[in-house]
Amino acid sequence: MSEGVVSTGIRVYRERRREFTDPARARRRTLVCGLVAVLAGATTVVTDLLTGWLGTTLPVTVVTVVTATAFAAALGWFVAVCFPTARTRQSARWQPFPGGWRRHERLGAQFTRRPPELLPEDRDDVLALAERVVEPTVVSIDRLRWFPLAWLAAWIGALVSGLAAGSVGALLMPPAYLLLSGGTVVAGVVRLGQAELVRRRVAATPPWAPPAAGDPRSKTRVTGSKLALPGD
């Protein structure tokens, strides 16, 4: 089931990313991050040539190029996280569902691993809740997906340059943050997949029509036999 949820979440993200992100902002993010990465790489090469701060016994050219590329990519991806690309602000879109917290809990139970039986009157609200999950989750993934790549590049730069050998923090901090940030992205993908699977399941049920209002005269209508019983 996990593979189905993850693959579904990835597919939903790829299909609907352009729907919720602004292409102009995405191009601006790419341009700024590319410039930052180029400047960071050039700075690493120049400072190492002047001071020799890498201090490695391996061929200097190879180490300098790999380290500069890794640190430049890391800095560029860190900057990418700071650039929002959403078309709209998400905070104003979240509104509580009517019916109180008990009904909201009942709707949320449809997104669990073993959902209870769906009440017909909850069908439309569950579909709306599944749709409301998509936009903020897609936008969040679009920003946070750069964090794991940045920490991975920073770790590679620290290992190649030898900085990780002399510092426990430089050795352990990048992979720790890599796992934390990567877990956040995976959780968003799983949330997308769950919402899509719930939407499919609920959409397959027949639409619910509220019962028609009863005849107001039915409360005073006399039914049954009008014969008097003995003794009346």
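Up top is the structure.
Residues numbered from 1 in each chain as written. Predicted model: local features only at pLDDT ≥ 70, side-chain atom pairs only at ≥ 80, totals over all residues. Heavy atoms only, no water.

Caption draft 1: The packing of helix α5 (residues 123-144) against helix α7 (residues 168-203), seen in detail. Remark: α5 packs on α7, axes separated minimally by 9 Å, with the N-to-C direction vectors making an angle of 155°. The angle between α5 and α7 falls in the class roughly antiparallel. Read as a crossing pair, α5 and α7 show a hand that is left-handed. On the side of α5, the interface is formed by Arg 123, Val 126, Leu 127, Ala 130, Val 133, Val 134, Thr 137, Val 138, Ile 141 and Leu 144, while α7 contributes Thr 184, Val 185, Gly 188, Val 189, Arg 191, Leu 192, Ala 195, Val 198, Arg 199, Val 202 and Ala 203. (Axes fitted to C-alpha atoms, helices over the stretch in contact; angles between N-to-C directions. Helix = DSSP H or I, 4+ residues; strand = E, 2+ residues; numbered from the N terminus. Parallel < 35°, antiparallel > 145°, perpendicular 65-115°, else oblique. Left-handed = near helix turned anticlockwise from the far one by under 90°. Contact = heavy atoms within 4.5 Å.)

Caption draft 2: Up close: the pattern of salt bridges. If you walk through the whole model with that rule in mind, you get 13 salt bridges. Among the ionic pairs, Glu 196 bridges to Arg 11, the shortest N-O distance being 3.8 Å. Separated by 185 residues along the polypeptide, Glu 196 in helix α7 and Arg 11 in helix α1 (residues 2-20) bring together distant segments of the chain. Judged by relative accessible area, Glu 196 falls into the buried class, the value being 14%. Among the residues examined, Arg 11 registers a relative accessible area of 30% and is labelled partly exposed. Two residues, Arg 103 and Asp 125, come together in a salt bridge whose shortest N-O distance is 2.6 Å. In this pair, Arg 103 sits in helix α4 (residues 100-108) while Asp 125 sits in helix α5, placing the two residues 22 residues apart along the sequence. For Arg 103, a relative accessible area of 15% gives the class buried. (Salt bridge = Lys/Arg side-chain N within 4 Å of Asp/Glu carboxyl O. Buried < 20%, exposed > 50% of the residue type's maximum accessible area, 1.4 Å probe, protein only.)

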